[in-house]
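Fold and contact review
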Amino acid sequence: KFPNSPGPLKIHYAPNIPIYFYNDELIKNFSNKNIGAIFLNEIKNSEKFNVSKVLSMNSDLHEAAANLFSFLHELENLNLDLIVVEPIENIGLGAAIMDRLTKAVNKYS
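All values reported here derive from a predicted model rather than from experimental measurement.

1. A closer look at the overall build of the protein chain
Within the protein chain one finds 3 helices and 4 strands. Beginning at the N terminus, the succession of helices and strands in the protein chain can be written as β-α-β-β-α-β-α. Looking at the protein chain as a whole, 36% of its 109 residues qualify as buried. Here the protein chain displays about 6,300 Å² of accessible surface, and carbon together with sulfur accounts for 51% of that area.

2. Notes on the environment of Ala96
Looking at the element boundaries, Ala96 is found in helix H3 (residues 93-106). By relative accessible area, which is 40% here, Ala96 ends up partly exposed. The spacing of Ala96 and Leu61 is 35 residues in sequence and 10.0 Å in space, taken between C-alpha atoms.

3. Describing the nonpolar core
Membership of the largest hydrophobic core comes to 20 residues, with the highest contact counts inside it found for Ile19, Ile38, Leu55 and Ile83. Breaking this core down by element, the ones donating at least two residues are helix H2 (61-76), strand E4 (82-85) and H3. In this structure, Ile38 is in contact with Lys53, Leu55, Phe71, Leu72, Leu75, Ile83, Val84, Val85 and Glu86, ignoring residues within four places of it in sequence. Grouped together as the second largest cluster of nonpolar side chains are 9 residues, Tyr22, Ile35, Phe49 and Val84 included.

4. Things to note about the side chain of Ser56
By the element assignment, Ser56 lies in the loop between strand E3 (51-54) and H2. Classification of Ser56 by relative accessible area gives buried; the value is 1%. Engagement of the side chain of Ser56 in a polar contact is seen with the side chain of Glu63, the distance being 2.7 Å. In this structure Ser56 touches Leu40, Asn41, Glu63 and Ala64, once residues within four positions along its chain are discounted.

Calculation notes
- Residues numbered from 1 in each chain as written.
- Predicted model: local features only at pLDDT ≥ 70, side-chain atom pairs only at ≥ 80, totals over all residues.
- Heavy atoms only, no water.
- Helix = DSSP H or I, 4+ residues; strand = E, 2+ residues; numbered from the N terminus.
- Buried < 20%, exposed > 50% of the residue type's maximum accessible area, 1.4 Å probe, protein only.
- Areas by Shrake-Rupley, 256 points an atom, 1.4 Å probe, with all protein chains shown as cover.
- Core = buried A, V, L, I, M, F, W, Y, C linked by side-chain atoms within 4.5 Å.
- Contact = heavy atoms within 4.5 Å.
- Polar contact = N/O pair within 3.5 Å; in protein donor to acceptor, adjacent residues only side chain to side chain.

This is the structure:
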C-alpha cells in the first residue's frame, strides 16, 4: 500500500535525466558528458559543466529550498546527460533539502 503523500517514499520527484551527488571522481568518469550542476553557494570546477546554478550566494537555506526544484526543472529541460548536485549539511532545513535530493538521486543509484 502506498502512503497518502510521496514524502515517506524512498524515491520522490527526480528529473527525467540522471542526477547524482557531486564528487570529483564522478566528474572524472563523466568528463565527456554534458553536465549540469547545482551548488549551494559557489560554483566549483565550472569548466567541467555545461551549465551551473547556485541555490543561494549567501548560503540562505530558505532561498536554496525555494530555488531547488525550479533549478532541477530548468536543467532537466536542457540537452544534458546528467545533473550533479552538491550535498548540503544535513542539519535543520538542510536535512529537509537533503531528504528531497537523496530521494531524487535514489531513482538513479
